[in-house]
Amino acid sequence: MEVDRHVRDYERVILGIDPGTNVMGYGILGVNGKRPAVIAMGVVRLSKFESHYLRLKRIYDRVIDLCAQYLPDELAIEAPFFGKNVQSMLKLGRAQGVAMAAALSRDIPITEYEPRKIKMAITGNGASSKEQVKEMLRRMLHIADENLLPELDATDALAAALCHFYESGKPAVAKASSWKDFIAKHPDKVR
């Protein structure tokens, strides 16, 4: 697969993945300095495969292809949410694991984000709907309506990439394990 020519225009490329067993969303974000831009987004439809194992293979193959085409520096992936259906959670966890394994096979570092954290980063509300996330992404990243897909999995994946962009730009904060540790690390904060 040929490398996408737009990739060379960016200092950093983030691949976002919204794992799924029926539809997997992906979003590619290019970054120059503090300016993110959409390179690509799409979905992988998996419902045509009857076997769960063939779906997992397709996820793996497609993530490998995305890595070859867009040369991402990092992968941001949505963590599975905790639901009541254990079988669904198991399948979703496998889909996520296969996508992660594909990225790891290319030495791409991975960061996982909970759905609420992604929504909070994009809309300011961790309980936002997928439609609200899509609309905020459209506005923030100046995405033309005709470039938005009907499947919200693509914008969810792009949201994971944008969340990672925001989170990775924050200064690292050293966490103290106790008050005594905090005081030792920050004597200037104690009166």
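Here, the structure is the one placed above.
Residues numbered from 1 in each chain as written. Predicted model: local features only at pLDDT ≥ 70, side-chain atom pairs only at ≥ 80, totals over all residues. Heavy atoms only, no water.

This paragraph deals with the layout of surface pockets. Taking a probe equal in size to a water molecule and rolling it over the atoms shows the remaining empty space. Of the voids in this model, the largest pocket is the one considered here, and its volume is about 340 Å³. Surrounding the largest pocket, 19 residues form its lining, Asp18, Pro19, Glu78, Phe81 and Lys130 being those nearest its centre. Every element with two or more residues in the lining of the largest pocket is listed here: helix H2 (86-104), helix H3 (115-123), helix H4 (130-140) and helix H5 (152-168). (1 Å grid on protein atoms, 1.4 Å probe; cavity = no way out; pocket = protein on both sides within 12 Å on 5 of 7 lines; lining within 4 Å. Points joined across faces, edges and corners; volume = space filled by probe spheres on them. Helix = DSSP H or I, 4+ residues; strand = E, 2+ residues; numbered from the N terminus.)

So, on to the sheet that holds strand E2 (residues 23-32). In sheet architecture, strand pairing relies on hydrogen bonds along the backbone and comes in two forms, parallel and antiparallel. The 5 strands are arranged E3-E2-E1-E4-E5 in an open sheet whose pairing can be described as mixed. Of all strands in the sheet, those bounded by a partner on one side alone are strand E3 (35-45) and strand E5 (110-113). Strand-to-strand twist of the sheet, defined as the mean angle between neighbouring strand axes without regard to direction, takes the value 20 degrees. Direction of pairing for strand E1 (residues 12-18) relative to strand E4 (residues 74-78): parallel, over a ladder of 4 bridges. In the strand pairing of E4, Ile17 is matched with Ile77. Where helix H1 (residues 52-70) meets the sheet, it contacts E1, E2 and E3, and its direction lies at approximately 15 degrees from that of E2. (Pairing = 2+ DSSP bridges. Axes fitted to C-alpha atoms, helices over the stretch in contact; angles between N-to-C directions. Contact = heavy atoms within 4.5 Å.)

The final tally for this structure, using the stated rule, is 1 aromatic pair. Ring centres 5.6 Å apart and planes at 50 degrees place the aromatic pair Phe165 and Tyr166 in the tilted group. (Phe/Tyr/Trp six-rings, centres within 6.5 Å; stacked < 30°, edge-to-face > 60°.)

The first and last C-alpha atoms of H1 sit 27 Å apart over 19 residues, in line with the 27 Å expected at 1.5 Å per residue. Every buried residue of H1 is accounted for by His52, Arg55, Leu56, Ile59, Arg62, Val63, Ile64, Leu66, Cys67, Gln69 and Tyr70. Buried residues along H1 sit against E1, E2, E3 and H2. Sitting at the head of H1, Ser51 places a side-chain oxygen 3.2 Å from the backbone nitrogen of Tyr53. Just past H1, the residue Leu71 takes up positive phi, approximately 45 degrees. (Expected span 1.5 Å × (residues − 1). Buried < 20%, exposed > 50% of the residue type's maximum accessible area, 1.4 Å probe, protein only. Polar contact = N/O pair within 3.5 Å; in protein donor to acceptor, adjacent residues only side chain to side chain.)

A few words on the pattern of salt bridges. Here the structure, examined in full by the defined rule, presents 8 salt bridges. Salt-bridge contacts for Lys57 lead to Asp61; the nearest nitrogen and oxygen are separated by 2.6 Å. With Lys57 and Asp61 both in helix H1, this residue pair falls 4 residues apart, about one helical turn. Taken together, the shared-partner salt bridges in this structure form one network comprising Glu135, Arg138, Arg139 and Asp145. (Salt bridge = Lys/Arg side-chain N within 4 Å of Asp/Glu carboxyl O.)

With that settled, consider the packing of H3 against H4. Two elements in contact, H3 and H4, have axes whose closest approach is 9 Å; the angle formed by their N-to-C orientations is 40 degrees. On the basis of their axis angle, the class for H3 and H4 is oblique. With respect to the hand of their crossing, H3 and H4 are arranged in left-handed fashion. Side by side, H3 and H4 meet where Lys119, Ile122 and Thr123 of the first sit next to Gln132, Val133, Met136, Leu137 and Met140 of the second. Its residues assigned to classes, the contact of H3 with H4 comprises 5 nonpolar, 2 polar and 1 charged. (Parallel < 35°, antiparallel > 145°, perpendicular 65-115°, else oblique. Left-handed = near helix turned anticlockwise from the far one by under 90°. Nonpolar A, V, L, I, M, F, W, Y, C, P; charged D, E, K, R; others polar.)

Let's shift gears to the pairing of E4. Within E4, 5 of the 5 residues are buried, which leaves the element mostly enclosed by the surrounding structure. As paired strands, E4 and E5 are joined by 4 bridges and run parallel to one another. In the sheet register, Glu78 faces E5, and the bridge partner there is Tyr113.

Looking now at a nonpolar patch on the surface. Nonpolar side chains collect at one region of the surface, where Trp179, Ile183 and Val190 lie side by side and expose about 350 Å² of accessible area between them. Its location among the elements puts Trp179 in helix H6 (residues 179-185). (Patch = residues over 30% accessible without salt bridge, like charges linked within 9 Å, V, L, I, M, F, W, Y side chains within 5 Å. Areas by Shrake-Rupley, 256 points an atom, 1.4 Å probe, with all protein chains shown as cover.)

Grouped together as the largest cluster of nonpolar side chains are 27 residues, with contacts concentrated most on Leu15, Ile17, Ile28, Ile59 and Val63. Elements with a contribution of two residues or more to this core: E1, E2, E3, H1, E4 and H2. Ranked by the residues each element gives to this core, the list is headed by H1, at 7 residues. Not counting residues up to four positions away in its chain, the partners in contact with Ile28 are Val13, Ile14, Leu15, Ala37, Val38, Ile39, Ala40, Tyr70 and Leu158. (Core = buried A, V, L, I, M, F, W, Y, C linked by side-chain atoms within 4.5 Å.)

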